[in-house]
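An overview of the molecular structure
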Amino acid sequence: MPGSILGTEVRRVEDRELLLGQGTFVDNLDDDGVAHAIFVRSPFAHARVTGIDTSEAAASDGVLAVYTADDLGRDGLPSFAEVNKLAPRAALAVDKVRYVGDPVALVIAETRAQAMDAAELVDVDYDDLPAVTDVEDALAEGAPLQFEEIGSNIATFRAAKNQTEDVLDDADHVTRVRMVNQRIAVAPIEGNAILVRPTEAGVEAWVSTQHPHLAKELLAKALGVDEEHVRVVAPHVGGAFGGKAGTGPDHAAIAIAARKLGRPVKWVETRSEAMLSMQGRGQVQYVELGVKNDGTITGLRMRILGECGAYAGFGGALAVGPTFIMAPGPYVVPRLRFDAMGVLTNTSPVGAFRGAGRPEAAAAMERAIDVAAQELGIRPEEIRRTNLIPKDAFPYRTMTGQTYDIGNYELPLQEALRIADVDEARAEQRRRIEAGETRLLGIGMATYVEITGFGGSEFGSVQIHEDGSATVMAGTSAHGQGHATSFSMIASDILGIPLERIDYRQSDTAMVRTGGGTGGSRSLQLGGNAVRKAAGETREKALAVAARMLEANPEDVVLDDDGFGVAGVPGNRISWPGLAAYAHEHDGGLGVDTDYTQDGATFPFGAHVSIVEVDTETGQVRPLRHVLVDDCGRIVNPLIVAGQQHGGGLQGISQALWEEMVYDEYGTPITSSFADYALPTAADGITLEASNTETPTPVNPIGAKGIGESATIGSTPAVQNAVVDALKHLGVKHIDLPCTAQRVWREIQNPRSDVWREPPTAFDGLSNEGEEPDMVEA
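Here is a short report on the structure shown in this document. (Residues numbered from 1 in each chain as written. Predicted model: local features only at pLDDT ≥ 70, side-chain atom pairs only at ≥ 80, totals over all residues. Heavy atoms only, no water.)

Moving on, we get to the packing of aromatic side chains. The final tally for this structure, using the stated rule, is 15 aromatic pairs. With 4.9 Å between their ring centres and 55° between their planes, phenylalanine 80 and phenylalanine 314 make a pair best called tilted. Taken together, the positions of phenylalanine 80 in the loop between α3 (69-72) and β4 (96-97) and phenylalanine 314 in the loop between β14 (297-309) and α9 (322-325) put the pair 234 residues apart, joining distant regions of the chain. Using a relative accessible area of 22% as the deciding quantity, one classes phenylalanine 80 as partly exposed. Through successive ring pairs, a cluster of aromatic residues spans Tyr99, Phe147 and Tyr311. Between the NZ or CZ atom of arginine 98 and the centre of the ring of phenylalanine 147, over which it lies, the distance is 3.9 Å. Lying over the aromatic face of tryptophan 206, arginine 197 brings its terminal NZ or CZ to 4.7 Å of the ring centre. (Phe/Tyr/Trp six-rings, centres within 6.5 Å; stacked < 30°, edge-to-face > 60°. Helix = DSSP H or I, 4+ residues; strand = E, 2+ residues; numbered from the N terminus. Buried < 20%, exposed > 50% of the residue type's maximum accessible area, 1.4 Å probe, protein only. Lys NZ or Arg CZ within 6 Å of the ring centre and 35° of its normal.)

So, in structure tokens, the structure goes:
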């Protein structure tokens, strides 16, 4: 067929119903007989539960049940990623609470208002315990322990096994920086939500999740039933960003309660609950970078503390997994030593947020590179060019055991510098400094590479209906990523069926037999290629059917814009409706269910340039320009790629400048609402200048890599570097994230000449026999 729809801008087909208010979210599902659940949550960060009196609440109007851990089960539940088996988490807190917001009871009533009123009447006796909220403090001798059985607050670790040499001993200069990659709230527009309807042997559950099939598996285990008796549907999902991986203990509590009660039960988080249930990032990073006098990297040593929060939240394990594997970034790093710990604190359990450990790796490396350039008197783009992996070196094996598939890392850097007109910006920067102005310019940059897809398999299906229309399905689960558009484009391109005659179905485990869900920027390269495979096999089947109808050899049959025909023979064409009707009459239908397997991960890359204005009198930072040049391999729909760049870019800028989850010394969250948490509004954003280079990967047939997290990874360090660049002539060497007005102003007043602090001595005691953790993608 002449021309391909792939690579063209196609408006998203899934937006119409959302724009018209016709979307269906969990909270829209409110049939007769649905009861409502409210959790009673701990106001203490660390305390023993010495008693729970539910009698008054249970006697309240409309209350159907009040449950505690004794009712729903005291055993630990299966989770998205188990970090430490000695840190189990049940549906409700067992004997002890470990963070503010830890659920201790569950109230179910006829209406939400009745449940909320009754929850106020549950009387819980607490014996307050000392709390620890800082990861460095949690490693100090005598720190309060979350789980005495572990013997420390180290939930997991990665040690440099049998590595005794000094990886920095041949450096002319060593740059040392201690930096903080702060904890942030995931803050999707919709919080967690679930509606569970009990069935004779199991449940049907409508869940706001990224992974319907994983949710099915976890709920089945929590209920103690076979997976075949659990159906999970993810309706429209109002954002996730890694925060809705599978299901958690709160979801399990609702499912268990619904089975016990024999009634449908719904739970929808409040905003305050969502701020505590979904948090990500959170690392303290000690980075030592060895370089020659010309800036060539000789060695890298990283020691990382990951924040698990309570119950060994898997976000802390990202430090020992994805942060490790991406530690070298896009650079030639000949020697590496990496140690990391996931640390327990009396704060909310930490999970994933857009990038899940890879943005933290990039932020650490990009700051170290910039500080090294400043100390050596080298321009930041030159030290990067000196160390970027050459384009003729791919596939490239890194010191962390990863094989980068393909890349041309200098090209997006060159393009970003050109678009930003960095020379002109630096001239304006010098003019302002020489004129003694108080609003100064900073120019920052970052080059990055990330891992996406992670290999594995995905389900794809194409079914042709009797009228010649088609239904496409995949095991991924879109919640804003545009799968209905992209996957339908792939099927349309192969089959020649117009896009408007293709329907897309997903996220119902009764309809889609298996699926890995959405996370780790896996969808197009796995789900898209699964659909491509199914469409290709369906096309071959259709050509065989057409050959029978035309009484021709299958190899002589062609499919073009006029339908099916015999090559070189004019006329006598068969349309898709005609062929489909014949196939349904004679063959019982036409279509393919299949699985696609990808052998290994892909590695998108790119470069960002940020230009900011810093008010030296107030410390206020204002972004002026942000240039993104991201390479995600072959682009199927440029409009969707640009949308991911804009959304991810703004989230990365926001982490650099505004967002931070803050706890006081007692473990009380003090930024747990939008009144205190600095989430940017449209007024804070700027127009992002997004473009792409295109280097198709050989790892999959489409040539696609991930794009969902890339812009988040490149933007944060570029902005942070820009803020420091504006103030370096004042002696400022480093400013921790986020670069708030207060933090920037304080650094201006008292710039630190030394931005290093020795890591906790707990690193010295790590065993070389520790097990390497599993990869976590979310």
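Read on, since the account is not over.
Below, the discussion takes up unusual backbone geometry. Peptide bonds are, in most cases, trans, and in most cases residues other than glycine have a negative phi. Note the cis peptide between phenylalanine 394 and proline 395, where omega equals -5°. Relative to the helices and strands, proline 395 resides in the loop between α11 (380-387) and β16 (396-397). Looking along the chain, the bond that leaves leucine 737 and enters proline 738 is cis, with omega of -10°. Checked against the element boundaries, proline 738 lands in the loop between α18 (710-727) and α19 (741-749). Not every positive phi belongs to a glycine, and tyrosine 311 is a case in point at roughly 55°. For tyrosine 311, a relative accessible area of 9% corresponds to the buried category. The phi dihedral of serine 507 is positive, around 65°, even though this residue is not glycine. One can find serine 507 in the loop between β21 (502-505) and α15 (523-550).

A grouping of Asp53, Glu56, Asp123 and Asp125 is seen on the molecular surface, where their side chains present a negatively charged patch. Tracing the backbone shows aspartate 125 in strand β6 (residues 123-128). A residue is classified by how much of its surface remains accessible, and aspartate 125, at 40% relative accessible area, is partly exposed. (Patch = residues over 30% accessible without salt bridge, like charges linked within 9 Å, V, L, I, M, F, W, Y side chains within 5 Å. Areas by Shrake-Rupley, 256 points an atom, 1.4 Å probe, with all protein chains shown as cover. Salt bridge = Lys/Arg side-chain N within 4 Å of Asp/Glu carboxyl O. Lys, Arg positive; Asp, Glu negative; His and termini not counted. Charge placed at Lys NZ, Arg CZ, Asp CG, Glu CD.)

Right, let's get into the layout of surface pockets. Think of a ball as big as a water molecule: rolled over the atoms, this probe shows where empty space is left. Here the second largest pocket defines a volume of roughly 830 Å³. Lining the second largest pocket are 46 residues, with Ser79, Arg89, Thr247, Gly248 and Pro249 positioned closest to its centre. Where the lining of the second largest pocket is concerned, the elements lending two or more residues are α6 (212-223), α7 (249-261) and α8 (271-277). Tallying contributions element by element places α7 first for the lining of the second largest pocket, with four residues. Residues that form the lining of the second largest pocket fall into these classes: 24 nonpolar, 16 polar and six charged. (1 Å grid on protein atoms, 1.4 Å probe; cavity = no way out; pocket = protein on both sides within 12 Å on 5 of 7 lines; lining within 4 Å. Points joined across faces, edges and corners; volume = space filled by probe spheres on them. Nonpolar A, V, L, I, M, F, W, Y, C, P; charged D, E, K, R; others polar.)

Next up on the list: the sheet that holds strand β2 (residues 47-53). In spatial order, the strands read β4-β2-β6; together these three strands make up an open sheet with antiparallel pairing. Both outer strands of the open sheet, β4 and β6, are each paired with one neighbouring strand and no more. When β2 meets β4, the two strands line up antiparallel, connected through two bridges. In the strand pairing of β4, alanine 47 is matched with valine 97. (Pairing = 2+ DSSP bridges.)

Moving on: the environment of alanine 115. Its place among the elements puts alanine 115 in helix α4 (residues 112-119). Here the alpha-carbon distance between alanine 115 and methionine 302, two residues 187 residues apart in the chain, equals 49 Å. Contacts of alanine 115, omitting those with residues within four sequence positions, involve His36, Ile38, Val107 and Ala109. (Contact = heavy atoms within 4.5 Å.)

This part is about the side chain of arginine 384. The topology assignment puts arginine 384 in helix α11. For arginine 384, a relative accessible area of 0% puts it in the buried group. Of note is the side chain of arginine 384, whose polar atom sits 2.8 Å from the side chain of glutamate 366. Setting aside anything within four residues of it in sequence, one finds arginine 384 in contact with Tyr331, Glu366, Ile369, Asp370, Leu413, Met445, Ala446, Thr447 and Asn721. (Polar contact = N/O pair within 3.5 Å; in protein donor to acceptor, adjacent residues only side chain to side chain.)

Keep in mind these values describe shape, not function.
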